[in-house]
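# Coordinate analysis (summary)
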Amino acid sequence: MENYSVVIFMLIVMIGLSAVADKIKLPYPVLLIMGGIGVGFIPSMPKIELNPEIIFLIFLPPLLYDAAFNISFKTFKTNISTIGTLAVTLVFLTATGIAVFARYVIPGMTWPLAFVLGAILSATDAVAAMSITKGLGLSHNTNTILEGESLVNDASALVAYRLAVAAVTGTAFVLWKATLQFAILMAGGMLVGFVMGKILSWIIARIHQNSMGTISFMLLMPFVTYLLAEDLHVSGVIAVVILGLSIARFSQNIFPEDLKKQSKSIWDIIIFMLNGLIFILIGLQFPFVLKHIQSNLIWPYIGYAFGITVIALLLRMARVFLQKFNLQQAFNKGRHKVTQEALLDFKNSLIIGWSGMRGIVSLAIAIGLPVTLADGSPFPQRNAIIFISVVVVLFTLIGQGLSLPWLVKKLKQD
């Protein structure tokens, strides 16, 4: 009953802060995080334990499905080179860059532990990217690239994370096995998403006159798809994304207009509630992880987190502008795969580079670190990794979240 009361209280705080954010023209994720931090410091506030499995099952499927459903498939396909570069290549590059920094700067970090930290913070967050950039008037191409990247990169980060944790626990790393595992996870997830999309299309084609039945199936299917994919040991993230993309294309032809409006209204409420809870939960975690860190280590760890934030931002900027250069070169040479619509200009490249916020997935992965190793000994540097990860998430969401609207406005004026 106590937890039930806390959830109701969090929902009231979330709705109130969202309304305030709208009035003062502040990105609501930033205000919700600050509110969560404030609530977490209330002495009588019970600890809210974040179960990573609950985060992945309850939050990820509907949010990923909704984003994939609303994304333009044509624009996604046009920018597939940039999306793939950011969602796969950049994830592993960022994990490596953070690992090198952690290994040589943070005391007690071995290479496997450094790569665990790098993997946790390697991917940008779909929820953060869409929530903060919404309403900024970004170009359709830029929005699609940011959303597309965030939809796919979670799968890359989770693979990197599993490999790094396996290295900590003593499992040997073999490159060809890791590459094969990544390919199987991605291809298997795509296959599951495609099959479930066909099944849902078949069902909807026969019951689309029944609006409540259709909407109910569409609400349920992301969860079913995610669970099925994870049970088959392939990527649930990719499966849900493919499901959303396939149903979006199918629904354009068969959905009556009133069903589209009704479905959108229900989804908008669900996504608003889930988004708000996520940012409140991120803020709530800071006071609790703070208690597990020795007081003399708090400021050094915050400094390490700031350094990691800067490194991740610089790597992202470098990779985005390199992609801009590569696309222009390919277009100039007349390669048919690169169209003019796929090219990046300076302003869009800068916005994409600055939009690399971390969020709930990084937080859930960090908190989901094993408590002990196979031999029963404590997982080394666990509290340090979790604390640094939470601070990096806060730095990116608050720092980049507050400055991104200003940057977009400034670029529009030039």
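Residues numbered from 1 in each chain as written. Predicted model: local features only at pLDDT ≥ 70, side-chain atom pairs only at ≥ 80, totals over all residues. Heavy atoms only, no water.

### Some words on the pattern of salt bridges
How we decide: Basic side-chain nitrogens of Lys or Arg form a salt bridge, by our definition, when they fall within 4 Å of a carboxyl oxygen of Asp or Glu. Secondary structure is summarised from DSSP: a helix means a run of H or I of at least four residues, a strand means a run of E of at least two, and numbering begins at the N terminus for each. Only protein chains enter the accessibility calculation, which uses a 1.4 Å probe; a residue is then buried when its area is under 20% of its type maximum, exposed when over 50%, and partly exposed in between.
Scanning all chains against the criterion turns up three salt bridges. Glutamate 230 is the partner of arginine 162 in a salt bridge, and the nearest nitrogen-oxygen pair spans 3.8 Å. With arginine 162 in helix H8 (residues 140-168) and glutamate 230 in helix H10 (residues 211-231), this residue pair connects regions lying 68 residues apart in the sequence. In this structure arginine 162 comes out as partly exposed when scored by relative accessible area, which is 38%. By relative accessible area, glutamate 230 is classed as partly exposed at 27%. The partner of aspartate 268 in a salt bridge is lysine 264, with the nearest N and O atoms 2.9 Å apart.

### Details of the environment of isoleucine 215
Within the fold, isoleucine 215 resides in helix H10. For the pair isoleucine 215 and isoleucine 266, spaced 51 residues apart in sequence, the C-alpha to C-alpha distance is 8.6 Å.

### Here we look at the packing of helix H5 (residues 80-105) against H8
Two quantities define a packed helix pair, namely the angle between the axes and the distance from one axis to the other. For clarity, the cut-off: All axes are obtained by fitting lines to C-alpha atoms, using only the stretch in contact for helices, and the reported angles, taken between N-to-C directions, cover 0 to 180 degrees. For a crossing to be left-handed, the near helix must be turned anticlockwise from the far one by less than a right angle; the clockwise case is right-handed. What makes two residues a contact is simply this: any of their non-hydrogen atoms within 4.5 Å. Here the nonpolar group is Ala, Val, Leu, Ile, Met, Phe, Trp, Tyr, Cys and Pro; Asp, Glu, Lys and Arg are the charged ones; every other residue, Gly included, is treated as polar.
Relative orientation of the contacting elements H5 and H8 amounts to 30°, with a least axis distance of 8 Å. Seen from above, H5 lies across H8 with right-handed handedness. On the side of H5, the interface is formed by Thr82, Ile83, Leu86, Ala87, Val88, Leu90, Val91 and Phe92, while H8 contributes Thr144, Ile145, Gly148, Glu149, Val152, Asn153, Ser156, Ala157 and Ala160. Class assignment for the residues of the contact of H5 with H8 results in eleven nonpolar, five polar and one charged.

### Regarding the confidence of the model for the chain
Selection rule: One confidence number per residue, pLDDT, is output by the predictor and ranges from 0 to 100.
Mean pLDDT over the chain stands at 85; residues scoring 70 or higher make up 95%. In the model of the chain, helix H7 (residues 126-133) stands out as the element of lowest mean pLDDT, 73, in contrast to helix H13 (residues 298-332), which has the highest, 94.

### Observations regarding the side chain of aspartate 125
Cut-off, in case you're wondering: In this tally, Lys and Arg are treated as positive and Asp and Glu as negative; His is ignored, and so are the chain termini.
The topology assignment puts aspartate 125 in the loop between helix H6 (111-120) and H7. Despite its burial, aspartate 125 pairs with no opposite charge; the closest candidate is arginine 358, at 9.3 Å N-O. If we ignore the near neighbours within four places in the chain, the residues touching aspartate 125 are Ser150, Met357, Arg358, Gly359, Ile360 and Val361.

### Examining the environment of valine 20
The residue valine 20 is located in helix H1 (residues 2-24) in this model. Remark: the alpha-carbon pair of valine 20 and phenylalanine 194, spanning 174 residues in sequence, is separated by 41 Å.

### Topic: the nonpolar core
One recurring pattern in soluble globular proteins is that nonpolar side chains are buried together. The condition that has to hold: Buried residues of nine kinds, namely Ala, Val, Leu, Ile, Met, Phe, Trp, Tyr and Cys, make up a nonpolar core once their side-chain atoms join them within 4.5 Å.
Counting residues in hydrophobic clusters, the biggest one holds 137 residues, and the most contacted among them are Leu117, Ile282 and Phe387. Tallying contributions element by element places helix H16 (residues 382-413) first for this core, with 15 residues. If near-sequence neighbours (up to four positions away) are discounted, phenylalanine 387 is found in contact with Phe286, Val289, Leu290, Ile293, Ile298, Tyr301 and Ile302.

### Comments concerning helix H2 (residues 28-40)
Selection rule: Expected span of a helix, by definition, is 1.5 Å for each gap between consecutive residues, and there is one gap fewer than residues.
With 13 residues, H2 extends 18 Å from end C-alpha to end C-alpha; this agrees with the ideal 18 Å at 1.5 Å per step. Burial within H2 is extensive, with eleven of its 13 residues counted as buried. Residues of H2 that are buried include every one of Tyr28, Pro29, Val30, Leu31, Leu32, Ile33, Gly35, Gly36, Ile37, Val39 and Gly40, and no others.

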